Amino acid sequence: MFCSVIIPTIGRQTLSRAVQSVLEQEFTPEEFEVIIVNDSGDANSLPAWQDIDRVRIIHTQRRERCMARNAGAAIARGSYLWFLDDDDRILPGAINEFWSLAADSPQADWLYGGIQVVDEYETILAERNSGLRGKSFAQIMGGAWLPIQSSIIKTTAFFEVGGFDPAIIGTEDLDLCRRIAMYGEVANTEAAVACLFRGDLWATSTDYVRAPADTRRSRDALLDEPRAYARLHSSTRGDYWHGRNVRVYLSTINWNLQQGKYLKAAGRALLTGAAAVQSGRAIFSRQFWAGLRAEHVPGSLHFIMKDLENAGRQ
Amino acid sequence: MFCSTIIPTVGRPSLYQAVASVLDQQSSNDADFEVIVVNDSGKTLPFADWQSSERVTLVDTNRHERSVARNTGASIARGKYLHFLDDDDWMAPNALQSFWNLARNNDAGWLYGTSQLVDRQHTALIELHHKLDGNVFLQAMAGEWIPLQASLIQSQLFFAIGGFNPRLSGPEDIDLLRRAALVTDFAKTSDLVAFVVMGEVGSTTDYDSHPLASRWAREKILDSPHVLSRLRQGATSSYWHGRLSRIYLTSAFWNLQNRRPSAAFSRAFTSAGTLFEAGSSLLSGAYWSALTKPYQSETFARGIEAAQGQSASSVKQIL
């Protein structure tokens, strides 16, 4: 089977829209399935699904998104996993698009396309596609964003890195992306494949209070992994990302100081220096300093939020 | 619900006995329980009468090894406590009652009882009577092992520490034990609660699959907050002072070999600190033998001694 779409839910009404968007895909029916992880703790809260063969339901007991998604992934039969939220939707033709992309890039572990944000009248408020391809660890550690809702992940790679980390609550999708990018490659299609609805219910299950801290903790843990520095360096392309690497290490010095880990902070300071030295001539370029200074890299979630603000003002 | 027993299986015939040993539990009070069989064989299990029991939930995962299968089982479990059994092991007849009695006046996150190790032919080898109680973190980090089959883990605790590490296959139980011991106390009952089959034949454990991941898991634990203070509480004798120094010393070497100089330095520094703190223990032979020799479980040694003769020699062979 090509692809399993995993939708964790706590029983919100938008779920049927998400499920329908998958079932309506024009693609060989035996090659994809939907797995609904009902994490509401109430086995009776979901309507029985019509197309029961291709929709499987597993009932977890309020374990939060990470564990719910991991459980869904464990029962999945597809070679690729697509993690959708119950208030999102995939676009017509999306699975087909990924099928060709997977055929073109069989080595890639993370495949993604464009993402749209629409309002309740289906007006497109924002659309993003960061366009990254190949080894992208440096770019993703530097802040590039490959939205999980518009990505499929190779099942073997997902389990090799251990799936979603339940200790990271706010930004577990970014954490997963970083861990997969550390060892694997990414592939991109220009087509938009998924859309998020911006409404009153949008992303209510994300803990935005914890998100910034979790993001830093996840980044710090990855930099601890053996050979992280070498991986970061080998995926650096262009002066901008050299500057970005230096920033990544710089910011972890600060983080470790705040955590009272002075020795580790000193270690990171050494690596900051090393990253700067290894950038070579790049440090004389404008791009390097732009990368070092930028709060957010192009294509990241931050700019989607900006677009939305602008759309709201109009 | 009191307890969920989670049994991952690759479809071995011994599964029947494992499930039956749980369903046959006699419980005089309302110690409600369920069995979750996680079929990780990738194929449909042949029908057996236990599948129609109301207490049983069957979930099919798709060949993902034990950690993932167990985490999946835990996610759907409803019990306050989780019990992880393997498909070739089985529970002692009154185990649930023993645990219920233990849990009634104890809020420790990890409960355990006596286990009997048996060989493939189900001949008794040795019994493990652990003496671990309360804060067992130092012992766990040194290398002590309590079989999961003989343990009940609070579900809340299990999820708070993130469940089994799916990157480990083989030492994932020791890793869980350590992460649990860091944050919770242990409590024991001396009743026999589980029979555990030893021996490699047909075992799904792959001890060599991820040596790096396994050592790395240990390093991650040492990086967690409050580790040192919890370890120090366990250093109550010269011997355990020596063990504590050894934990940091071996970690320093590992980090040096794996080119993590700042971590290596930090561990060596801590190791020196523990040496300093050991004080007069430094004069005892126990300290130095603990510092220089790999860990040998006293529980196993006692078990072997008690068994003697035939079974003792066969257990030595297996271990």
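About the cut-offs
Residues numbered from 1 in each chain as written. Chains lettered and ligands numbered in written order. Predicted model: local features only at pLDDT ≥ 70, side-chain atom pairs only at ≥ 80, totals over all residues. Helix = DSSP H or I, 4+ residues; strand = E, 2+ residues; numbered from the N terminus. Rg over C-alpha atoms; globule rule 2.2 N^0.38 Å. Buried ≥ 20, exposed ≤ 12 C-beta atoms within 10 Å, placed from the backbone. Core = buried A, V, L, I, M, F, W, Y, C linked by C-beta atoms within 7 Å. Domains from an automatic or database assignment. Contact = placed C-beta atoms within 7 Å. Pairing = 2+ DSSP bridges. Expected span 1.5 Å × (residues − 1). Nonpolar A, V, L, I, M, F, W, Y, C, P; charged D, E, K, R; others polar.

**Notes on the overall build of chain A**
Working step 1: The helix and strand tally for chain A stands at 12 helices and 10 strands.
Working step 2: Over its C-alpha trace chain A gives a radius of gyration of 20 Å, about what one expects of a compact globule, namely 20 Å for 314 residues.
Working step 3: Its C-alpha atoms give chain A principal-axis dimensions of roughly 60 × 45 × 35 Å.
Working step 4: Counting over 314 residues, chain A shows a buried share of 48%.

**Quick look at the nonpolar core**
Working step 1: With 158 residues, the main nonpolar core has A:Ile6, A:Ile7, A:Leu81 and A:Trp110 as its most contacted residues.
Working step 2: Taken together, domain 1 (3-197) and domain 2 (235-292) of chain B each give at least three residues to this core, which thus spans both.
Working step 3: Once you skip the residues sitting within four places of it in the chain, A:Ile7 turns out to touch A:Leu15, A:Ala18, A:Val19, A:Val34, A:Ile36, A:Val37, A:Leu84 and A:Asp86.

**Overview of the pairing of strand β4 (residues 81-84) of chain B**
Residue and element names in this part refer to chain B.
Working step 1: Every second residue of β4 is oriented toward a common face, with Tyr-81 and His-83 on one face and Leu-82 and Phe-84 on the other, all of them buried.
Working step 2: Where strand β1 (residues 3-9) and β4 come together, four bridges link them in parallel fashion. When the bridges of β4 are listed, Thr-5 appears paired with His-83.
Working step 3: Inspection of the sheet shows β4 paired to strand β8 (residues 151-154) by two bridges, in the antiparallel sense.

**A word on the domain arrangement of chain B**
Working step 1: With domains assigned, chain B is organised as domain 1 (3-197) and domain 2 (235-292).
Working step 2: On a C-alpha basis, the centroid separation for the pair domain 1 of chain B and domain 2 of chain B is 33 Å.

**With respect to helix α2 (residues 64-75) of chain A**
Residues and elements named next belong to chain A.
Working step 1: Spanning 12 residues, α2 covers 17 Å between terminal C-alpha atoms, matching the ideal 16 Å at 1.5 Å per step.
Working step 2: The element α2 is largely enclosed, with a buried count of 11 among its 12 residues.
Working step 3: When α2 is considered as a whole, its buried residues turn out to be Arg-65, Cys-66, Met-67, Ala-68, Arg-69, Asn-70, Ala-71, Gly-72, Ala-73, Ala-74 and Ile-75.

**Overview of the interface of chain B and chain A**
Working step 1: Listed per partner, the contact involves 25 residues of chain B and 24 residues of chain A.
Working step 2: Those elements giving two or more residues to the side of chain B that touches chain A turn out to be β3 (56-60), α2 (65-76) and α10 (261-278) of chain B.
Working step 3: Classifying every residue of the side of chain B that touches chain A gives nine nonpolar, 12 polar and four charged.

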